[in-house]
Amino acid sequence: MRRRSEMASRLSLPGIRQIGEIVNGTRDLGEEAVVVENVSKRFRIPHERKSTFYDHLFGLARGGRYSYEVFSALEEVTFSVRRGETFGVIGPNGCGKSTLLKILAGVLRPDAGRVAIAGKVAPFLELGVGFHPELSAVENIRLYGAIMGLSRREVEGKREEILEFADLKRFENMKLKNFSSGMYVKLAFATAIEANPDILLVDEVLSVGDEAFQKKCGAKIEEIRRAGKTIVYVSHALGSVRDLCDRCLFLQEGKIAALGEAEEVVEEYLRRMR
Amino acid sequence: MWIVEYRELIRILTVSDLKVKYQSSVLGFLWSLLNPLLMMLVLYFVFSNVFKFEDDSFALYLLIGIVAWRFLANGTMTSISAIVGRPSLVTKVYVPRQVLVLSTVLSSFTSSILEFSVLIPLLIFFGVDLSANVLFFPLIHLAFLGLVYGMSLVLSALYVYYRDLNQIWDVLLQAGFFLSPIVYPAEIVPDKYLAAYMLNPVTVTIEMYREALLYATAPSAADLAFVAAAAGAALLVGGAVFGRLEGRFAEEI
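Draft legend 1. Focus on the overall build of chain A. Tallying secondary structure elements over chain A gives nine helices and eleven strands in all. A separation of at least 24 residues holds for 75% of the contacts in chain A among residues at least 6 apart in sequence.

Written out as structure tokens, the structure reads:
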């Protein structure tokens, strides 16, 4: 009997129960736009990658155990972002910045803790997510709008603005696979920014396109900031974090090393990294 | 509710899936109609001597079974990779992951409706008396959709973790093809196994398609209720399994 329960536990599915919670959408959080409470995220790194039924059965037959190492990417992280604030996240490579951003974007689910977000989130984790090379520029705009949960009418209303912002009016019916990489990025940025999100998650993707377009992007971000949107900005460019952000979070090995005014946190970061 | 909020994305993904399916082969849509017809011809020549039908409706009997089965087989086989096949929509941005599964199932559903609608003129041509009972078709097809979607939810979620599932499922589908009354009449099943045999909701569904389309009879309320209940159960179980496994999709892809 005991043997049997052991078997069952070995056969159990690799998705362990996650108690973390993400509350998305139009919840009213008062002054706050993003609230993160005691969020932890651990990744499992199996010693032997078992990704088929065959592997699992073979492993069982040899009496092997499902063993893995746990890598803790975020530990008990708590902070909140105020409405209309530009909030920076800095830290050395592998400190958990991207994990945090992915949790905020709803892509990863935390193992513990709570994340609440008031409003619509536009993740700029990568430009041109969901874009299909066989579709035309306009069709891709519709596709991306739908990914952002916009209705058909909303997308049609923004179509001209997007094409104008990206300077691609002439190419609206060209298939995406014939676009140059610069044109691709312009279209992606323009589409994402015009989706009119309440909260922007930006992961160092703004250094794209030619000089003129970069300026345009910078101006657009500034405009969005003035319009009172919330921006979470992850970057290694300390200068731009200091200039753009009101407050800043400094992560080190998955824990909060400093949190406060952008200027001071950047100072602290430089001191520790020295 | 995600279905309502993301209806536009579901529509776009379904349509683009259909476009790709029908544009990628030279014969396009025609090919998808030829496939079941050719399969029917092969099976007809093999099995028409084995099973003696009183009238000559065996070809149509086969065709209805094949077209119905194709929805299950194509629907589950394409949606098994619905999650794994679109990694950027899983790891880079949040969309309810069920959207990806539902749109592939709906694409197969649409193909299936097209195949059935070509079947109707064939039925008339071969002198089948269609009655008002044809109106049961949408009801049966919707229940079947629920069943296929529920199964697809489980399969697509498990496939993220077990990448040989498609091979296993392929074999199970082959077994299922011969465990369902497609190439043979259900009457040949020995009496002692019949009760167990009829517990398969796919069997009951295929029989109901034939009743409505071929035999001009109304499916019994008990059969309809049984398939609807099976579809409901598939949706509940599928939703629960999917929800349980969804949390680590982005890490495992």
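Draft legend 2. Spotlight on the overall build of chain B. When helices and strands are tallied, chain B shows twelve helices and zero strands. For chain B, the sequential pattern of α-helices and β-strands runs α-α-α-α-α-α-α-α-α-α-α-α. Scaling as 2.2 N^0.38, a compact globule of 253 residues should have a C-alpha radius of gyration of about 18 Å, and chain B matches this with 19 Å. Along the longest, intermediate and shortest principal axes, the C-alpha atoms of chain B span 60 × 45 × 35 Å. The buried share of chain B, taken over its 253 residues, is 38%. Within chain B, counting contacts between residues at least 6 apart in sequence, those at least 24 apart form 80% of the total.

Draft legend 3. Structural view of the interface of chain B and chain A. With 25 residues of chain B at the interface, the matching set in chain A holds 27 residues. Among the elements of the structure, helix H2 (7–23), helix H5 (87–91), helix H8 (165–179), helix H11 (221–246) and helix H12 (249–252) of chain B are those that each provide at least two residues to the side of chain B that touches chain A. Of the residues forming the side of chain B that touches chain A, the biggest block, four residues, is contributed by H2 of chain B.

Draft legend 4. Highlighting helix H7 (residues 211–226) of chain A. Along its 16 residues, H7 of chain A runs 23 Å from first to last C-alpha, staying within 8% of the 22 Å computed at 1.5 Å per residue. At the exit of H7 of chain A stands Gly228 of chain A, carrying a positive phi of roughly 85°.

Draft legend 5. Highlighting the sheet that holds strand S7 (residues 121–124) of chain A. All names here are of chain A. Across the sheet, which stays open at both edges, the six strands sit in the order S7-S8-S9-S5-S10-S11 with mixed pairing between neighbours. The open sheet has two edge strands with one neighbour each: S7 and strand S11 (255–261). Taken pair by pair, the neighbouring strands of this sheet meet at an average axis angle of 15°, ignoring direction.

Draft legend 6. Layout of the nonpolar core. The biggest cluster of nonpolar side chains holds 138 residues, and the ones touching the most others in it are Leu104, Leu201 and Val232 of chain A. In terms of residue count, the dominant contributor to this core is helix H7 (residues 136–161) of chain B (15 residues). For Leu201 of chain A, the residues in contact, after removing those within four places along its chain, are Leu101, Leu104, Ala105, Val121, Ala122, Pro123, Phe124, Leu125 and Val232 of chain A.

Draft legend 7. Geometry of the packing of helix H3 (residues 29–47) of chain B against helix H4 (residues 58–79) of chain B. Residues and elements named next belong to chain B. At a minimum axis separation of 9 Å, H3 and H4 run at an interaxial angle of 130°. Here H3 is positioned oblique relative to H4, judged by the angle of their axes. As for the relative orientation of H3 and H4, their crossing is right-handed in sense. Residues Pro36, Met39, Met40, Leu43 and Tyr44 of H3 lie in contact with H4, whose contacting residues are Phe58, Ala59, Leu62, Leu63, Ile66, Val67 and Arg70. For the contact of H3 with H4, a count of residues per class yields eleven nonpolar, no polar and one charged.

Draft legend 8. Summary view of unusual backbone geometry. Non-glycine residue Glu76 of chain A carries a positive phi angle of around 50°. Mapping Glu76 of chain A onto the fold places it in strand S4 (residues 68–82). We classify Glu76 of chain A as partly exposed; it has 14 C-beta atoms within 10 Å. Notably, Ala216 of chain B is not glycine yet its phi reads approximately 50°, a positive angle. Within the secondary structure, Ala216 of chain B sits in the loop between helix H10 (201–213) and H11.

Draft legend 9. Focus on the packing of H4 of chain B against helix H6 (residues 98–125) of chain B. All names here are of chain B. Across the interface, H4 lies against H6 with an axial gap of 8 Å and an inter-helix angle of 165°. Accordingly, the angle class assigned to the pair H4 and H6 is roughly antiparallel. H6 is crossed by H4, and the crossing has right-handed handedness. Side by side, H4 and H6 meet where Leu60, Leu63, Ile64, Val67, Arg70, Phe71, Asn74, Gly75, Thr78 and Ser79 of the first sit next to Val101, Thr104, Val105, Ser108, Phe109, Ser112, Glu115, Phe116, Leu119 and Leu123 of the second. When grouped by side-chain class, the residues that make up the contact of H4 with H6 number eleven nonpolar, seven polar and two charged.

Draft legend 10. Geometry of the confidence of the model for chain A. Per-residue pLDDT for chain A has a mean of 81; in total, 84% of the residues score no lower than 70. Across residues 1–18 of chain A the pLDDT falls below 50, and counting only partners more than four positions away or on other chains, this stretch makes twelve contacts in the model.

Draft legend 11. Geometry of the environment of Val129 of chain A. Positionally, Val129 of chain A belongs in the loop between S7 and helix H4 (137–147). With 63 residues separating them in the primary sequence, Val129 of chain A and Ala192 of chain A have C-alpha atoms 9.5 Å apart.

Draft legend 12. Spotlight on helix H6 (residues 181–193) of chain A. All names here are of chain A. Along its 13 residues, H6 runs 18 Å from first to last C-alpha, staying within 8% of the 18 Å computed at 1.5 Å per residue. Most of H6 sits inside the fold, with ten of its 13 residues counted as buried. Within H6, the full set of buried residues consists of Tyr184, Val185, Lys186, Leu187, Ala188, Phe189, Ala190, Thr191, Ala192 and Ile193. Lining the buried residues of H6 we find S7, H4, helix H5 (152–165) and H7.

Draft legend 13. Quick look at the environment of Leu127 of chain A. Residues and elements named next belong to chain A. Its place among the elements puts Leu127 in the loop between S7 and H4. Accessibility expressed as a C-beta count within 10 Å gives 19 for Leu127, which makes it partly exposed. It is 23 Å that separates the C-alpha atoms of Leu127 and Gly228, two residues lying 101 residues apart in sequence.

Draft legend 14. The pairing of strand S10 (residues 247–252) of chain A, seen in detail. Residues and elements named next belong to chain A. Note: strand S5 (residues 86–90) against S10, four bridges, orientation parallel. Directly across from Val89, in S10, lies its bridge partner Leu249. Pairing of S10 with S11 involves six bridges; the strand directions are antiparallel. In the sheet register, Leu251 faces S11, and the bridge partner there is Ile256. Turn length for the S10-S11 hairpin, with the two strands adjacent in sequence and antiparallel, is two residues, and the turn residue Glu253 shows positive phi of about 50°.

Draft legend 15. Structural context of the environment of Thr230 of chain A. With respect to the helices and strands, the residue Thr230 of chain A is situated in strand S9 (residues 230–234). Leaving out residues up to four positions away in the same chain, Thr230 of chain A has contacts with Ala33, Val34, Val81, Arg83, Gly84, Glu85, Asp198 and Ile199 of chain A.

Conventions we followed
- Residues numbered from 1 in each chain as written.
- Chains lettered and ligands numbered in written order.
- Predicted model: local features only at pLDDT ≥ 70, side-chain atom pairs only at ≥ 80, totals over all residues.
- Helix = DSSP H or I, 4+ residues; strand = E, 2+ residues; numbered from the N terminus.
- Contact = placed C-beta atoms within 7 Å.
- Rg over C-alpha atoms; globule rule 2.2 N^0.38 Å.
- Buried ≥ 20, exposed ≤ 12 C-beta atoms within 10 Å, placed from the backbone.
- Expected span 1.5 Å × (residues − 1).
- Pairing = 2+ DSSP bridges.
- Axes fitted to C-alpha atoms, helices over the stretch in contact; angles between N-to-C directions.
- Core = buried A, V, L, I, M, F, W, Y, C linked by C-beta atoms within 7 Å.
- Parallel < 35°, antiparallel > 145°, perpendicular 65-115°, else oblique.
- Left-handed = near helix turned anticlockwise from the far one by under 90°.
- Nonpolar A, V, L, I, M, F, W, Y, C, P; charged D, E, K, R; others polar.
- pLDDT = per-residue confidence, 0-100.

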